Amino acid sequence: MSGGAAFGAPGIPPTWCSSDKDFVITALGSSRLWATVGHGIINEVYWPSTGQPQVRDFGFYLVGAERWIDLKRVRRYSLATPGPYLPALTITHHGDDYQLTLEVLPDPLRDVLLVRFNLTGPYRLALILAPHLGATGRHNSAWIDNGVGYASHKDLTLCLAASTPLAQLSCGYVGSSDGWQDLNRHARLTYRFSSAENGTIALSGEAVGASGVLALGFAGSACGALTRVRTALAADFDTLREEFLHPWREWGQRLRLSRPDDVLGDAGLRSAMVLKTHEDRAFPGAVVASLSVPWGNSTDTLGGYHLVWPRDAALTAFALLAAHQTRDASHILAHLTASQTRDGRWPQNYFPSGEPFWVGIQLDEVAFPVLLAAKLRELGEPELAGTASMARAAVGFIARTGPSSPQDRWEENPGVSPFTLAVAISALVAAAPWLMADERDYALSLADDWNERLEGWCYVRDTPLARQAGVAGYYVRIAPPRDSGNHYGLMQLCNREGEQILASALVSLDFSYLVRLGLRGAHDPRVQDTIKVVDRVLKVDTPSGPLYHRYNDDGYGEYPDGRPFDGGGVGRAWPLLVGERGHLAMQAGEDPLPYLQTMWRCSSDGGLLPEQVWDSAPIPHLELYPGRPSGSAMPLLWSHAEFLKLLIARERRRPVELLRSVEQRYGVDVRRAAGATSEPVRVKPAEAWHWRDEVPVSRLEAGRALLIEDRVPFNLHFGFDGWQRIQDRAAEPQPFGLWAVRLSVEELALAARLDFTRHYDTGWEGADQSVELGHLDVEHALVHLGWLSEDLSSVAGR
């Protein structure tokens, strides 16, 4: 067709590619470009940071005299790399009468993606590029100039060129005048539109000759993008490839991983590589959760998973640290320290620049950076500047906020979660070297309190589910705020249109970190009973092996008919949870090899682990098969980190995250796996329990002091046994900005019940509170109060 502006509607809603990926690739040089590969084509391209996708896809087509072939739909291809941790990717498409080889290579020096191609057969290579500059694809513009294609959005520009100028260059609007519509209508590229303004656009063109190099470059201007592209094309491709591989080889040679067999050995190396590819270079140490957009073909979200989740980042650092990549782990800790907010927490997730995206609060995300810093200290690594202030601020936030978290690790419900609680308790203990004496004493007191009381919040007995499973009780997924231990509260099931379930009936593998971090023993009957319930309720058998759901009645996943998650759906099986179950098995003395094998059977052809796998009957036309990746995020760094940690823990017989300071305080030796016992291990008694509105104390065990706490000053008006012996006492300042009235063991021992209410600057709280009191030896209490002399006590004792 003749040149001119493209026709069609510029407002076709843009979407991202499906998150079904085969590979992720980036250089370790000064280049700031990341590319993902799926179905034999290039999917998203990120630039200049891992948080900024700029291309939806870059597809390849064969055009012959009689037909055209959409290689993404044919999907007859293979992937090859020089080694499991060397991400120089070769894609080979093959058919009865053709073979196309694509060597995908980010230029290690420039923000340019190179693709060397070689085609045999009676076809010409056509290509279609779908820019999504500005991360949405809306309001993009494209134009053709002197045999080069351009696209721009505000101050973002890309340039598409080739070693031999492309033919049939055109730019059009997606869905009406783009290259795919041209091929579908004419079986060849005929459009020659020279511009397409302010819409969702695509560039198309045809390679001249059977071999050559394509270049896709990015810059802040058209001139800058063209300069980068021309410079990259002027360089020798093989030389650039060697420059790309050299730093990857150096990095990979530092890896120290076991090899149970060749498959799992290579899987460990590939997993480490995947973790490394997700580190940002514009903001070193920033590690996004996934270079993907879950169910991306149905959404145009700015976020996707190309954001930093502090939890995922810290777990990635633990895995890399265990694999002897200490420098990478330190970089991640440095970035976490830099992105901490003034009040000591981290945003729920944020862009690599530190700019928040979702602003929810998850206490485990506040605690994990402290655990990472403590692990580096335990290993004798040099302490990073700012570590002490980071740890103090984080512990202060945990102390003020916990043990109830505004969100659990699944980002859905408030309450007391055994997972969050385990991480928070461990952080309170692990932070001791960085705290002042009074702060340290308070943090350890709080840790002991939460550790002793956690079963009161998160463990249920004699429920219908317990009776069905034939167990005495089990840990629940989460206890609602101010639950007081009865677990009769209703929990809302997110993504299920407001459905509710009893907290006592909601189970998950969240309890596993109580064992992972050394707070409970693997053979504790409460743990073993919970495993039985979880295996009964959450386990699903697939061709890849047994997998686990997050929790019962989860709604985060595809619908039964395969439609993508859209705020509702059915939760599917998560490979990372197989890793959590495998850690429990390992800590109980079993070989976790079957769990590692199951996890890796869920990986893509290119060795990427997904967030979820399909766990129902196959739906071939949607490419949903049992035990294989669904449309959720892939790769998921959390999954790869869990696989890598389990692989390493299998050899060391010790979880990567476990800290010796926590072991020493709570005395749960995870190596005593053979010492099974039928009785729960008695936990370290707390010196005092901390009464808070979110976790009130309904009955105080004997021998414990009681701290009645709040975040603001107050006066305590209290009495005993039905408001007898009424007193008033002003709260005193505590570390980390808290206020408390402390009631000693002895003064509480003289009564059966404490009654109290509080007066604030704004008035009375408007409710009476009560605490049932356990009994202590009365004579001891009288002596302490000075109401009985030591001599008389001794006489009375005789």
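Quick notes on the rules
- The numbers attached to residues start from 1 for each chain and follow its sequence in the written order.
- This being a predicted model, a pLDDT of at least 70 is required before a residue's local features are given, and a value of 80 or more before pairs of side-chain atoms are given or counted; all residues contribute to the totals for chains, interfaces and linings.
- Hydrogens and water molecules were not included; the side-chain quantities draw on all heavy atoms of the structure.
- To qualify as a helix, a DSSP run of H or I must reach at least 4 residues; to qualify as a strand, a run of E must reach at least 2; elements of each kind are numbered from the N terminus.
- We take the radius of gyration over the C-alpha atoms and set the globule estimate at 2.2 Å times the residue count to the 0.38 power.
- Residue exposure (1.4 Å probe, protein chains only): buried if accessible area is under 20% of the type maximum, exposed if over 50%, otherwise partly exposed.
- Contacts are assigned to residue pairs with any non-hydrogen atoms lying within 4.5 Å of each other.
- Here the open area of atoms and residues is found with the Shrake-Rupley method and a 1.4 Å probe, where only the protein chains shown may cover a residue.
- Points on a 1 Å grid over protein atoms alone make up a cavity when a 1.4 Å probe fits among them but cannot get out, and a pocket when they form an open set with protein on both sides within 12 Å along at least five of seven lines; lining residues each have an atom within 4 Å of a point.
- Grid points are joined across faces, edges and corners, and a volume is the space filled by probe spheres set on the points.
- For this classification, the nonpolar set comprises Ala, Val, Leu, Ile, Met, Phe, Trp, Tyr, Cys and Pro, the charged set comprises Asp, Glu, Lys and Arg, and every other residue, Gly included, is treated as polar.
- Every axis in this analysis is a line fitted to C-alpha atoms, fitted for helices over the stretch in contact. Angles between the N-to-C directions lie between 0 and 180 degrees.
- Our angle categories are set so that under 35 degrees counts as roughly parallel, over 145 as roughly antiparallel, 65 to 115 as roughly perpendicular, and the remainder as oblique.
- Here a crossing is called left-handed whenever its near helix is offset anticlockwise from the far helix by less than a right angle, and right-handed whenever the offset is clockwise.
- A strand pair is defined by DSSP finding two or more bridges across the two strands.
- Salt bridges are defined by distance alone: a side-chain nitrogen of Lys or Arg within 4 Å of a carboxyl oxygen of Asp or Glu.

**Student:** How would you explain the overall build of the protein if you had to name every residue and give the values?
**Tutor:** In terms of regular secondary structure, the protein is built from 21 helices and 33 strands. For 798 residues, the compact-globule estimate of 2.2 N^0.38 gives 28 Å, and the protein sits close to it at 30 Å. The dimensions of the protein, computed from C-alpha atoms along their principal axes, are 110 × 55 × 50 Å. Going through the 798 residues of the protein one by one, you find that 62% of them count as buried. Within the protein, residue pairs in contact and separated by at least 24 positions form 69% of the contacts whose partners lie at least 6 positions apart. A total of about 28300 Å² of accessible surface is found on the protein, and carbon and sulfur atoms cover 50% of it.

**Student:** Can you lay out empty space enclosed by the protein for me, pointing to particular residues and giving the numbers?
**Tutor:** Using the criterion set out here, one finds 6 cavities of 30 Å³ or more in the structure. Considered as a void within the structure, the largest cavity measures approximately 60 Å³ in volume. Every residue lining the largest cavity is counted, 11 residues in all, and those nearest its centre are A702, G703, V745, L748 and G774. Considered class by class, the residues forming the lining of the largest cavity number 7 nonpolar, 2 polar and 2 charged.

**Student:** Tell me about the packing of helix 5 (residues 262–277) against helix 16 (residues 593–601), and name the residues and values.
**Tutor:** Two elements in contact, helix 5 and helix 16, have axes separated by 11 Å at closest approach and are oriented at 60°. The orientation of helix 5 with respect to helix 16, classified from their angle, is oblique. Relative to helix 16, the crossing made by helix 5 is left-handed. When helix 5 is examined against helix 16, the residues V263, L264, A267, R270 and S271 are found in contact with a partner set consisting of L593, L596, Q597 and W600. Residues that form the contact of helix 5 with helix 16 fall into these classes: 6 nonpolar, 2 polar and 1 charged.

**Student:** Residue-level account of the side chain of R581, with values.
**Tutor:** Along the chain, R581 turns up in helix 15 (residues 575–587). Those residues in contact with R581, other than ones at most four positions away along the chain, are I531, D535, Y548 and Y595.

**Student:** For the sheet that holds strand 26 (residues 705–710), give the residues involved together with the corresponding values.
**Tutor:** The strand order across the open sheet built from 4 strands is 24-26-30-29, with neighbouring strands paired in mixed fashion. The sheet is open, and its two edges are formed by strand 24 (688–691) and strand 29 (732–733), each paired on a single side. Seen against the sheet, helix 11 (residues 437–458) touches strand 24 and strand 26 and runs at an angle of roughly 85° to strand 24.

**Student:** Please give an account of the pattern of salt bridges that cites residues and values.
**Tutor:** If you walk through the whole model with that rule in mind, you get 56 salt bridges. Where R563 meets D561, a salt bridge forms, and the shortest distance between an N and an O atom there is 2.8 Å. Look at R563 and you get partly exposed, because its relative accessible area is 42%. A salt bridge links D710 to R758; its shortest N-O distance comes to 3.7 Å. Here D710, found in strand 26, pairs with R758, found in strand 31 (residues 753–760); they are 48 residues apart in sequence, far enough to count as distant.

**Student:** Give me the sheet that holds strand 6 (residues 77–80): which residues, what numbers.
**Tutor:** Spatially, the 9 strands line up as an open sheet ordered 6-7-8-9-17-13-12-11-15, and their pairing is antiparallel. Only two strands of the sheet have a single neighbouring strand rather than two, namely strand 6 and strand 15 (195–199). Put simply, the sheet's adjacent strands are angled 15° from each other on average, direction ignored. Direction of pairing for strand 9 (residues 112–120) relative to strand 17 (residues 211–219): antiparallel, over a ladder of 7 bridges. Following the sheet pairing, F117 is matched in strand 17 by G212. Together, strand 9, strand 11 (140–145), strand 12 (148–153), strand 13 (156–162) and strand 17 form the strand contacts of helix 3 (residues 222–234), whose direction differs from that of strand 17 by roughly 145°. In the packing of helix 4 (residues 237–252) onto the sheet, the strands contacted are strand 8 (98–106), strand 9 and strand 17, and the crossing angle to strand 8 comes to about 55°.

**Student:** Mind laying out the pairing of strand 23 (residues 545–548), listing which residues take part and the relevant values?
**Tutor:** Looking along a regular strand, one sees side chains alternate from face to face of the sheet. Sheet topology places strand 22 (residues 539–542) next to strand 23; 4 bridges connect them, and they run antiparallel. Looking at strand 23, one finds that D541 is bridged to P546. Connecting the antiparallel pair strand 22 and strand 23 is a turn made up of 2 residues.

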